[in-house]
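Here is what each chain is made of, one letter per residue.
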Amino acid sequence: MMADEEAIGKRLLDKGWLAARSTEVDLTGVQLTTTDPPSDQHPWMEAVVPGTVLATLVKNKLVPDPFYGLENESIIDIADSGREHYTFWFFTTFESKMSASQHVDLNFRAINYSAEVYLNGHKEILPKGMFRRHSIDVTDILNPNGENLLAVLVYPPDHPGKIPPEGGQGGDHEIGKDVAAQYVEGWDWMAPIRDRNTGIWDEVSLSVTGPVKIVDPHLVSSFFDDYKRVYLHTTVDLVNRSNWVAECSVNIQVETELEGDICLVEHLQTQNLSIPAGSSLQFTLPELFFYKPNLWWPNGMGKQSLYNVELTVDVKGYEESDSWSQHFGFRKIESHIDSATGGRLFKVNGQPIFIRGGNWILSDGLLRLSKKRYETDIKFHADMNFNMMRCWGGGLAERPEFYHYCDIYGLLVWQEFWITGDCDGRGVPVSNPDGPLDHDLFLLCARDTVKLLRNHPSLALWVGGNEQVPPDDINTALKNDLQLHPYFESFPDSEYLRKEPSQVLKDPSQYLDGTRIYVQGSMWDGFANGRGDFTDGPYEIQNPEDFFKDDYYKYGFNPEVGSVGMPVAATIRATFPPEGWQIPLFQKLQNGYVKEVPNPIWDYHKYIPYSKPGLVHDQILLYGTPNDLDDFCLKAQLVNYIQYRALLEGWTSRMWSKYTGVLIWKTQNPWTGLRGQFYDHLHDQTAGFYGCRCAAEPIHVQLNLATYFVEVVNTTSEELSDMAIEASVWDLEGACPYYKVFNKLTVPSKITQSVFEMKYPKSESPKPVYFLLLKLYKVSDNEILSRNFYWLHLPGGDYKLLEPYKKKKVPLKITSLTFITGSSYEVRMHIENTSKKPDSRSLHCSNNVFERKQGNSLFQKLKNFSAESCGTRVTKINGSEAGVAFFLHYSVHASKKDEENSEDTRILPVHYYDNYFSLVPGEVMKITLNFEVPPGITPRIMLHGWNYQGGHTVV
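Cut-off values and rules
- Residues numbered from 1 in each chain as written.
- Predicted model: local features only at pLDDT ≥ 70, side-chain atom pairs only at ≥ 80, totals over all residues.
- Heavy atoms only, no water.
- Pairing = 2+ DSSP bridges.
- Helix = DSSP H or I, 4+ residues; strand = E, 2+ residues; numbered from the N terminus.
- Patch = residues over 30% accessible without salt bridge, like charges linked within 9 Å, V, L, I, M, F, W, Y side chains within 5 Å.
- Areas by Shrake-Rupley, 256 points an atom, 1.4 Å probe, with all protein chains shown as cover.
- Salt bridge = Lys/Arg side-chain N within 4 Å of Asp/Glu carboxyl O.
- Lys, Arg positive; Asp, Glu negative; His and termini not counted.
- Charge placed at Lys NZ, Arg CZ, Asp CG, Glu CD.
- Buried < 20%, exposed > 50% of the residue type's maximum accessible area, 1.4 Å probe, protein only.
- Expected span 1.5 Å × (residues − 1).
- Polar contact = N/O pair within 3.5 Å; in protein donor to acceptor, adjacent residues only side chain to side chain.
- Axes fitted to C-alpha atoms, helices over the stretch in contact; angles between N-to-C directions.
- Contact = heavy atoms within 4.5 Å.
- Core = buried A, V, L, I, M, F, W, Y, C linked by side-chain atoms within 4.5 Å.
- Phe/Tyr/Trp six-rings, centres within 6.5 Å; stacked < 30°, edge-to-face > 60°.
- Lys NZ or Arg CZ within 6 Å of the ring centre and 35° of its normal.
- Parallel < 35°, antiparallel > 145°, perpendicular 65-115°, else oblique.
- Left-handed = near helix turned anticlockwise from the far one by under 90°.
- Nonpolar A, V, L, I, M, F, W, Y, C, P; charged D, E, K, R; others polar.

Moving on to the pairing of strand 17 (residues 319-328). Where strand 16 (residues 307-315) lies against strand 17, nine bridges are found, and the strand directions are antiparallel. Looking at the pairing, valine 313 lines up with aspartate 322 of strand 17. Connecting the antiparallel pair strand 16 and strand 17 is a turn made up of three residues, with glycine 317 showing a positive phi of about 85°.

Written out as structure tokens, the structure reads:
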């Protein structure tokens, strides 16, 4: 490459964009890109690219934040303004230096919905469709030695629809006529997006190549001899854009990272070929053989081993013409309808995997997507011990960055196409029975999406739509396009697992996909009742014990079951005005149940009550009537924890005998909603997050809330032998009236085993409210494999005795060590309940396991940690009473002088090893916090708890 020519590869155009409403710009596209560039003066403003028109208007404070309070109601909807109001120009400039033999493409990875592109006075059309890539050869248009002017006129969807006064699922359903995200007309969990996500919502880039370009390589791994012999198949499209025959060498290199930046090259192969002038061809490389490669496993099953695959094409007389690289995981995903349960049973690398995961809409309703936000979102799901995310059909075809982090953190992905029952044939009234108007466009977008995402190991299956199947012609085409290669058909004794790659069969990398199943709809073929009837759900508060009962859910795999999602009080104050801080009214009904009446702002933000009159008594009132917002939100967190832990434990209690999986509706909200979430839009976790984290452990001890039997869950591939369970009950006075150890326990692989009944409620004079601590540990070394803490009341009772327990002063000792690397903080803590009881039995019973395992120095493994250490700090919280330190939770804040009480000082996100935890007398727990701190800010870590009102600064 010459010193003054453009480097081969991709360059993002993500800075310096301006935007203006089209009706306020007098110049044409040709004029905009052939005269002096506009400045950031009216009507032009700084643009959000990637992003949407509405995101740009919010950034420039020309409209209020639509997610704050009721501000969305003050923003004009596209149905009232007309499409031209949200038709915008986007403008930027860039420089490009290229040699005579180089070629340059201008790429838009996605726009919504169609656009006109002007570059240096030349016009191109970007056709309709939200989920398709666009690439324009601009080689002959660029100014090779100076500034290039780029203007893009973006049009909204053709059928933005209207929002009925009563709202509804997808508004008036008109958006279903387009190939676009359907949630934008609003849902029962989402307010409408006023611009319908119009904009350049994904990356814009320039790609520079030589004469030959690499297009959409496809990587496939096939497995033989019980996964010992593995082959990597590769097919790539090569385009020769020169006017002469290109003599090429195609090189493939596969390397694995050993440690740090050290990589081991596993394979390096070169193939030579000729490509005629001005033509393209599909080229399949010979398979690469691997013996016992490191396999990619889902979260909780093993490591997420990834190899880096790099393809380059060299052209004689030119050297390197193009390159492409991709992280790739060797793994095989199969599934079939299980005869025992009727549910779809997934296997990864031959091992059954019990699916526990959640439904995902998208990260942000204004499409302010970023790698940083994606990583937080995906890591949160992995932290909850989830193993699957379902990309719901009314949302997005998720972006490669989303899949990249799913690859890293081990989240399997169910990706739906853009069909929903509400907008495509099953709504009220019946909507668009033939789906989108342009079926060819839908299929073009679907095929392009497959090519964009198919190399990610996390991608597990394609699904035609949400609670609906696509129209017959689309469904048939997708079934044909996504048919499985014989290597990947799910036959237990398949001959293809035993032999070498077939010389007769078509190479699997020549398929569009060929490695993943296509299921026509979310309630078909092993999901819900398998026939498409509305048999998912329910979506509201439940009695925790009901999740364990025989008649709770009839079918083997529930793709949607949802419940409450109240965030912490600080989030309410940060996202709602003071009138939105009013807690619900509790209206007592004649049947003895309570109806919650939320304020209008909560209602607008789709609040789900914590009661279901006639079926479920108000779960917050079980703790007593809340006094204010802080009290309400704290009690809501108690309910969140119990509700979601019980949901997952109830499903796991029937692992393989009744169920093959469950997906919770939903894990988060793309705005400041108040239902179905484990963390809020600001990235602060609810207690439900940690209830899930506890319940979905790969190895887990739990209490069946219907039978009060203690169960052990082993989802791993290894038998657990020489195990023991310690069960201890603690009363509100700090005594341990019940203690039991069950020794010599063996738990086979992939099973839930009932062990013994916890009989304290049947004992003489049991306390009406009590705590239960379960520990599963190895007898040989006392290593704790699972710890589970419950607060319980006797049948027919409540938790109101916990209200005076807030006044109990239990002493704590917190030892912490902080490491700082740039703006990144890691804080490692030991927190100990230092209260002791003279009853030696209770002391011995509660702590013999935990102290032996975790009583050693917190810092013994920190010798090689390279970050700057701030030294050890010990904080004591005084108290003279013995008892359980209940419902402890950390938060991280910016230290500020003269901070106002209503100011949100939280630093978010924070990754906690655990939170919302409790400690019995003498017990020690290790907690690690990881977070980034904004420049110039000193963090302050607070510890709060049920009996630690107001919080204590510990670091």
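Before going further, it helps to examine a negative patch on the surface. Where like charges cluster on the molecular surface, the negative patch consists of Asp434, Asp438, Asp440, Asp472 and Asp473. Within the secondary structure layout, aspartate 440 lies in helix 6 (residues 439-453). Assessed through its relative accessible area of 62%, aspartate 440 is described here as exposed.

Its 25 residues give helix 10 (residues 629-653) an end-to-end C-alpha distance of 35 Å, which sits within 8% of 36 Å, the value for a rise of 1.5 Å per residue. Counting buried positions along helix 10 yields 24 of 25 residues, so the element is predominantly enclosed. Where helix 10 starts, the residue carrying a side-chain oxygen 3.3 Å from the main-chain nitrogen of aspartate 630 turns out to be aspartate 628.

Turning to the sheet that holds strand 34 (residues 751-757), a few remarks are in order. As summarised here, the arrangement of the three strands in space is 30-31-34, forming an open sheet in which the pairing is antiparallel. Both edges of this open sheet fall to strand 30 (699-703) and strand 34, since each of them pairs with a single strand only. Within this sheet the neighbouring strands show an average axis-to-axis angle of 20°, counted without direction. Pairing analysis gives five bridges linking strand 30 to strand 31 (residues 709-714), with the strands arranged antiparallel. When the sheet's bridge partners are listed, valine 701 is paired in strand 31 with valine 712. On the sheet, helix 10 packs against strand 30, strand 31 and strand 34 and is oriented at approximately 105° with respect to strand 30.

Looking at the secondary structure, you find alanine 110 in the loop between strand 5 (103-108) and strand 6 (114-119). Relative accessible area serves as the criterion here: at 0%, alanine 110 is assigned to the buried category. With 340 residues separating them in the primary sequence, alanine 110 and valine 450 have C-alpha atoms 14 Å apart. For alanine 110, the residues in contact, after removing those within four places along its chain, are Met130, Arg132, Ile200, Trp201, Asp202 and Arg399.

With that out of the way, let us pick up the side chain of asparagine 543. Turning to its location among the elements, asparagine 543 is positioned in the loop between strand 25 (517-519) and strand 26 (557-562). Classification of asparagine 543 as buried rests on a relative accessible area of 16%. Excluding residues within four positions of it along the chain, asparagine 543 makes contact with Leu615, Val616 and Gln619.

Further remarks concern the nonpolar core. By size, the foremost hydrophobic cluster in this structure holds 231 residues, and its most contacted members are Trp791, Leu802, Ile831, Phe886 and Tyr890. If you tally residues by element for this core, the top one is helix 10, at 14 residues. Discounting residues that sit within four places of it in the chain, phenylalanine 886 has contacts with Leu638, Phe771, Phe789, Trp791, Leu802, Tyr805, Phe917, Ser918, Gly945, Trp946 and Asn947. Counting residues in each nonpolar core, the second largest holds 48 residues, with Ile275, Tyr318, Val463 and Ile517 among its members.

Together, Leu258, Ile262 and Leu264 make up a nonpolar patch on the protein surface, roughly 300 Å² of accessible area in all. Within the secondary structure layout, leucine 264 lies in strand 14 (residues 262-275). A relative accessible area of 39% means that leucine 264 is categorised as partly exposed.

To continue, consider the packing of aromatic side chains. Under the defined criterion, the tally for this structure stands at 64 aromatic pairs. Both rings, one in phenylalanine 547 and one in tyrosine 552, keep their centres 5.0 Å apart while their planes meet at 65°; by these two values the pair is edge-to-face. Accessibility assignment for this pair places phenylalanine 547 and tyrosine 552 in one class, buried. Relative to phenylalanine 917, the ring of tyrosine 890 lies with its centre 6.2 Å away and its plane at 35°, an arrangement referred to as tilted. With a gap of 27 residues between them, tyrosine 890 in strand 40 (residues 885-894) and phenylalanine 917 in strand 42 (residues 917-919) connect regions that are remote in the sequence. As far as burial versus exposure is concerned, tyrosine 890 and phenylalanine 917 are alike and both buried. A cation over a ring is seen here: lysine 740 above phenylalanine 756, with NZ or CZ 5.4 Å from the ring centre.

Moving on: the pattern of salt bridges. When their charged atoms lie close together, side chains carrying opposite charge are able to pair. Using the criterion set out here, one finds 46 salt bridges in the structure. With its nearest N and O atoms 2.3 Å apart, the salt bridge here joins arginine 654 to aspartate 550. Taken as a pair, arginine 654 in the loop between helix 10 and strand 29 (661-665) and aspartate 550 in the loop between strand 25 and strand 26 lie far apart in primary sequence, 104 residues in all. Classification of aspartate 550 by relative accessible area gives exposed; the value is 58%. Of the charged contacts, one joins glutamate 783 and lysine 778 as a salt bridge, the two residues approaching to 3.3 Å between their closest N and O atoms. Several salt bridges share partner residues, and in doing so they unite Lys10, Arg109, Asp202, Glu203, Arg399 and Glu401 into one network.

On to the packing of helix 10 against helix 11 (residues 687-695), then. Look at helix 10 against helix 11: their axes get within 7 Å of each other, and the N-to-C directions meet at 30°. When the axis of helix 10 is compared with that of helix 11, the two are roughly parallel. Here helix 10 runs over helix 11; the crossing is right-handed. Across the interface between the two elements, Gln637, Asn640, Tyr641, Tyr644, Arg645, Leu648 and Glu649 of helix 10 pack against Ala687, Gly688, Tyr690, Gly691, Cys692, Cys694 and Ala695 of helix 11. Of the residues that constitute the contact of helix 10 with helix 11, the class distribution is eight nonpolar, four polar and two charged.

In the segment running from histidine 42 into proline 43, the intervening peptide bond is cis, with an omega of 10°. Tracing the backbone shows proline 43 in the loop between helix 1 (29-32) and strand 3 (45-46). Of note, the phi angle at lysine 292 is positive, near 50°, even though the residue is not glycine. The residue lysine 292 is located in the loop between strand 15 (280-291) and strand 16 in this model. Overall, lysine 292 belongs to the partly exposed group, its relative accessible area being 49%. Unusually for a residue other than glycine, tyrosine 916 sits at a positive phi of about 55°. Inspection of the secondary structure puts tyrosine 916 in the loop between strand 41 (910-912) and strand 42.

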